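# Report on the structure
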Amino acid sequence: MSSRHVSLGAGLVVLALSAFAAIGAGAEADPHAVAVKACTTANGHQPASVVIAIDDGRGGSLVWLTDSEANLWFCSADAAGKIYAYVVMTGDLLQGAGSVLVPDETFSDDEYAVPQPDPNPLDIAELACKAYFPGNDPAKVIARGLDGLGENFVAGYFVFIESGGHTYLCDATADAQVWAFAEIGAPLSFTNPVG
């Protein structure tokens, strides 16, 4: 074997190992780790346990956690650990009034009953968020998606709304219950932790 083949082979091995190491390092990094740490540290009801952290569709994270009293908290934070919303779930903010937003299952007249297509649950959650929205200016949805909850919690949807130069974050369910609503502005300060 010539030295030219050995150096070429050694170069390929080094290149392959470098690529493998870079892939392995990227696979281990949790894109939500900084946000999770910020959200769990800010909770004044320690210990706080993470339920799930998801991408918020805008470059940040939505972190769901429970506190020492089994309350469910909703936290919106960015990759630098700045928190923009921190809300404890206390119940349906619409107090059941959102049920009028859910379409009836059938349309009927004297002779016919026609089943309607199933409504999109994300569209219903968006309508509920807009119904809870306090402003008079037109509201534009800028991001929305599944909130990541399930199993032990009611799954829902997050909706970011922009209106009048302000951004709002809402979490609502497919049956038009709004569980969280907060204005997203400057990062929150937790010099005195949530109590």
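Right above here is the structure, for reference.
## A few points about the sheet that holds strand β9 (residues 166–172)
As summarised here, the arrangement of the four strands in space is β7-β8-β9-β10, forming an open sheet in which the pairing is antiparallel. Of all strands in the sheet, those with a lone pairing partner are β7 (140–146) and β10 (178–184), marking the two edges. In this sheet, adjacent strand axes meet at a mean angle of 15° when their direction is disregarded. Examined bridge by bridge, β7 and strand β8 (residues 157–163) share six bridges and lie antiparallel to one another. In the strand pairing of β8, Ala 143 is matched with Phe 160.

## Description of the environment of Pro 119
Topologically, Pro 119 is positioned in the loop between β6 (113–115) and α3 (121–132). Between the alpha carbons of Pro 119 and Val 102 there is a distance of 8.0 Å; along the sequence they are 17 residues apart. Sequence-distant contacts of Pro 119, defined by excluding residues within four places in its chain, comprise Pro 103 and Ile 124.

## Brief notes about the environment of Gln 46
Mapped onto the fold, Gln 46 is located in the loop between α2 (33–42) and β1 (49–55). A relative accessible area of 41% means that Gln 46 is categorised as partly exposed. Between the C-alpha atoms of Gln 46 and Thr 66, which are 20 residues apart in sequence, the distance is 9.2 Å. Ignoring any residue separated from it by four or fewer positions in sequence, one finds Gln 46 in contact with Thr 40, Thr 41 and Ser 68.

## Describing the sheet that holds strand β4 (residues 83–88)
Through backbone hydrogen bonds, the strands of a sheet pair up, either in parallel or in antiparallel fashion. The strand order across the open sheet built from four strands is β1-β2-β3-β4, with neighbouring strands paired in antiparallel fashion. Edge positions in the sheet fall to β1 and β4, since each of these pairs with one other strand and no more. If you compare each strand with its neighbour and ignore which way they point, the axes differ by 15° on average. Pairing geometry for β1 and strand β2 (residues 61–66), over six bridges, is antiparallel.

## A closer look at the pattern of salt bridges
Taken as a whole, this structure holds three salt bridges when the rule is applied. Between Lys 130 and Glu 126 there is a salt bridge whose closest N-O contact spans 3.2 Å. Linking Lys 130 with Glu 126, this pair stays in helix α3, spanning four residues, or about one helical turn. Accessibility expressed as a relative area gives 15% for Glu 126, which makes it buried. Of the charged contacts, one joins Glu 126 and Arg 144 as a salt bridge, the two residues approaching to 2.5 Å between their closest N and O atoms. Taken as a pair, Glu 126 in helix α3 and Arg 144 in strand β7 lie far apart in primary sequence, 18 residues in all. Linked by salt bridges that have partners in common, Asp 123, Glu 126, Lys 130 and Arg 144 make up one network.

Here is what the cut-offs are and how they apply
- Residues numbered from 1 in each chain as written.
- Predicted model: local features only at pLDDT ≥ 70, side-chain atom pairs only at ≥ 80, totals over all residues.
- Heavy atoms only, no water.
- Pairing = 2+ DSSP bridges.
- Helix = DSSP H or I, 4+ residues; strand = E, 2+ residues; numbered from the N terminus.
- Axes fitted to C-alpha atoms, helices over the stretch in contact; angles between N-to-C directions.
- Contact = heavy atoms within 4.5 Å.
- Buried < 20%, exposed > 50% of the residue type's maximum accessible area, 1.4 Å probe, protein only.
- Salt bridge = Lys/Arg side-chain N within 4 Å of Asp/Glu carboxyl O.

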